[in-house]
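# Inside the fold
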Amino acid sequence: MKTYNSISDYKSKEKSIVTIGTFDGVHVGHKHILEKLILNAKEHKCESLVLTFFPHPKMVLQESSSVKLLNTMDEKNYLLEKIGVDNLVIHPFDKDFSRLTAEEFVKNILVDKFNIQKIIIGYDHRFGRNRTANINDLIHFGKKYNFEVEEISAQEVNDIAVSSTKIRNAILDGNIALANNYLGYNYFFNGKVVKGKQLGRTIGFPTANIHIEEDYKLIPKNGVYIVNCLVKNISINGIMNIGSRPTVAGKGITIEVYLLDFEIDIYDQNITVNILNYVRDEEKFNSLEDLKIQLELDKKFAIDYFNKL
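In this report, the structure presented in the accompanying data block is examined. Sequence positions are assigned chain by chain, starting from 1 and proceeding in written order. In view of the model being predicted, local features appear only for residues whose pLDDT reaches at least 70, and side-chain atom pairs are presented and counted only at 80 or more, with totals across whole chains, interfaces and linings using the full set of residues. Hydrogens and waters are ignored; side-chain quantities use all the structure's heavy atoms.

### Focus on the sheet that holds strand 10 (residues 234–243)
This is how the line gets drawn: DSSP calls a pair of strands paired once it identifies at least 2 bridges connecting them. Note on conventions: DSSP H or I runs of at least 4 residues are helices, E runs of at least 2 residues are strands, and numbering of each starts at the N terminus. To get an axis, a line is fitted to the C-alpha atoms, and for a helix only the part in contact is used. The angle between two axes follows their N-to-C directions and goes from 0 to 180 degrees. Residue contacts are counted whenever heavy atoms from the two residues lie within 4.5 Å of one another.
One closed barrel accounts for 6 strands, arranged 7-8-11-10-9-12; its pairing is antiparallel. On average, adjacent strands in this sheet sit at an angle of 45° to one another, irrespective of strand direction. Docked against the sheet, helix 11 (residues 288–307) engages strand 9 (223–231), strand 10, strand 11 (254–259) and strand 12 (270–280), running at close to 100° with respect to strand 12.

### A look at the layout of surface pockets
To be explicit about the condition: Definitions used throughout: a 1 Å grid over protein atoms alone; a cavity as a set of points that fits a 1.4 Å probe which cannot get out; a pocket as an open set with protein on both sides within 12 Å along at least five of seven lines; a lining residue as one with an atom within 4 Å of a point. Grid points are joined across faces, edges and corners, and a volume is the space filled by probe spheres set on the points. Classification convention: Asp, Glu, Lys, Arg as charged; Ala, Val, Leu, Ile, Met, Phe, Trp, Tyr, Cys, Pro as nonpolar; all other residues, Gly among them, as polar.
In this structure, the largest pocket encloses a volume near 1400 Å³. Ile 20, Gly 21, Thr 22, His 125 and Arg 131 are, among the 42 residues lining the largest pocket, the residues nearest its centre. For the lining of the largest pocket, the elements supplying multiple residues, two or more each, are strand 2 (16–20), helix 1 (28–43), helix 2 (57–61), helix 4 (95–98), strand 5 (116–122), helix 7 (154–160) and helix 8 (164–172). Residue composition of the lining of the largest pocket, by class: 17 nonpolar, 16 polar and 9 charged. In this structure, the second largest pocket occupies an estimated 360 Å³ of space. In terms of lining residues, the second largest pocket is bounded by 16 residues, among which Arg 201, Pro 206, Phe 262, Glu 263 and Ile 264 are the most central. Here the lining of the second largest pocket takes 3 residues from strand 11, the largest share from any one element. Considering only residue class, the lining of the second largest pocket consists of 10 nonpolar, 1 polar and 5 charged.

### Notes on the packing of aromatic side chains
Note the cut-off: Stacked, edge-to-face and tilted labels apply to pairs of Phe, Tyr and Trp rings (six-membered ring for Trp) whose centres lie within 6.5 Å, assigned for plane angles under 30 degrees, over 60, and everything in between, in that order. Only protein chains enter the accessibility calculation, which uses a 1.4 Å probe; a residue whose area is less than 20% of its type maximum is buried, one above 50% is exposed, and one in between is partly exposed. The criterion is that NZ of a Lys, or CZ of an Arg, lies within 6 Å of the ring centre and within 35 degrees of the ring normal, and then a charge sits over that ring.
Counting across every chain of the model gives 13 aromatic pairs. On the numbers, 5.5 Å between centres and 50° between planes, the contact of Phe 53 with Phe 97 is tilted. With Phe 53 in strand 3 (residues 47–54) and Phe 97 in helix 4, this pair connects stretches of sequence that are 44 residues apart. Assigned by exposure class, Phe 53 and Phe 97 land together as buried. In this arrangement the basic side chain of Lys 217 is found over the ring face of Phe 188, its NZ or CZ atom lying 5.7 Å from the centre.

### A few points about the packing of helix 5 (residues 102–111) against helix 6 (residues 135–145)
In a pair of packed helices, the angle between the axes and the distance between the axes together describe the arrangement. Here is the rule: Should an angle fall under 35 degrees it is taken as roughly parallel, and over 145 as roughly antiparallel, whereas 65 to 115 is taken as roughly perpendicular and any remaining angle as oblique. Helix crossings get a hand from a simple test, with the near helix turned counterclockwise from the far one by less than a right angle marking a left-handed crossing and a clockwise turn marking a right-handed one.
In contact at an axis separation of 11 Å, helix 5 and helix 6 are set at 50° when each is read in the N-to-C sense. In terms of axis orientation, helix 5 runs oblique to helix 6. With respect to the hand of their crossing, helix 5 and helix 6 are arranged in right-handed fashion. Contact residues: helix 5 offers Ala 102, Glu 103, Val 106, Lys 107 and Val 111, while helix 6 offers Leu 138, Phe 141, Lys 144 and Tyr 145. Looking at the contact of helix 5 with helix 6, its residues break down into 6 nonpolar, no polar and 3 charged.

### A closer look at unusual backbone geometry
Excluding glycine, residues mostly have negative phi values, and the peptide bonds linking residues are mostly trans. Of note, the amide linkage connecting Phe 54 to Pro 55 takes the cis form, showing an omega dihedral of 5°. Turning to its location among the elements, Pro 55 is positioned in the loop between strand 3 and helix 2. At Asn 233, a residue that is not glycine, the phi angle is positive and equals roughly 60°. Taking relative accessible area as the criterion, Asn 233 reaches 75% and is therefore assigned exposed. Of note, Asp 261 is a non-glycine position whose phi angle comes to about 55°, a positive value. For Asp 261, the position within the fold is in the loop between strand 11 and strand 12. Residue classification places Asp 261 among the exposed residues on the basis of a relative accessible area of 78%.

Next comes the structure, spelled out in structure tokens:
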């Protein structure tokens, strides 16, 4: 897959089949559209092209918005490439771009830059200045500029019954199993292992403290989770705690992973954490000894969980 960091960077003269959206999560509903995009591109001997935006339009147009996203741009790039998209254009979204009229967007970008043969888009897609244009306007422009429009019907969308909002809510509720079902893969994040207080070592549970660079990435609710991690190209199972570490009067939210049967130094290493299941809420214990007893129970629960897989 070729990735372009703006519309102006896109240079291909090949005819393209296009779809547009934020595709946050690249979930099973998105996959349905993307597979249709790729199939159409093969049938028409064109290139498949996804146009997406960063920052998320809500971050720019709604000043009070603190939207958290399911994917960072790197994660979205990885997921789209895995599906088999030919071209990904990530355009910097700003207020000037949002002021393009619908026809300017169609003529200057879809037609002149992307050499569009066909667009596949949802029935409720709106575009252009103040999002005033709809699917009927797009069909009109398609006739005017000689490209096809394929509408993803309301029935098709409802049959999938998945949305990024539903997935975000499931993750924030700790319902990881439901979120993973909607996503079609295990919810994950990438981060770097950094030095922490190292209190876990004192009770026999050394943890990897993980820093996520992108502050817009959605972090699950506080609690204990079963995870599988990839670090140094090694897959390791573990237990993750997200929270404020109330037993030791912690400050701020930390993400800590205890890796099962793993003792290699991984400080400053990049790590991918795949979240498999929710175990329990974060608790405040009366002592470190009580905390250790609970961690032993969590460890046994995780080992049993993996032995059943």
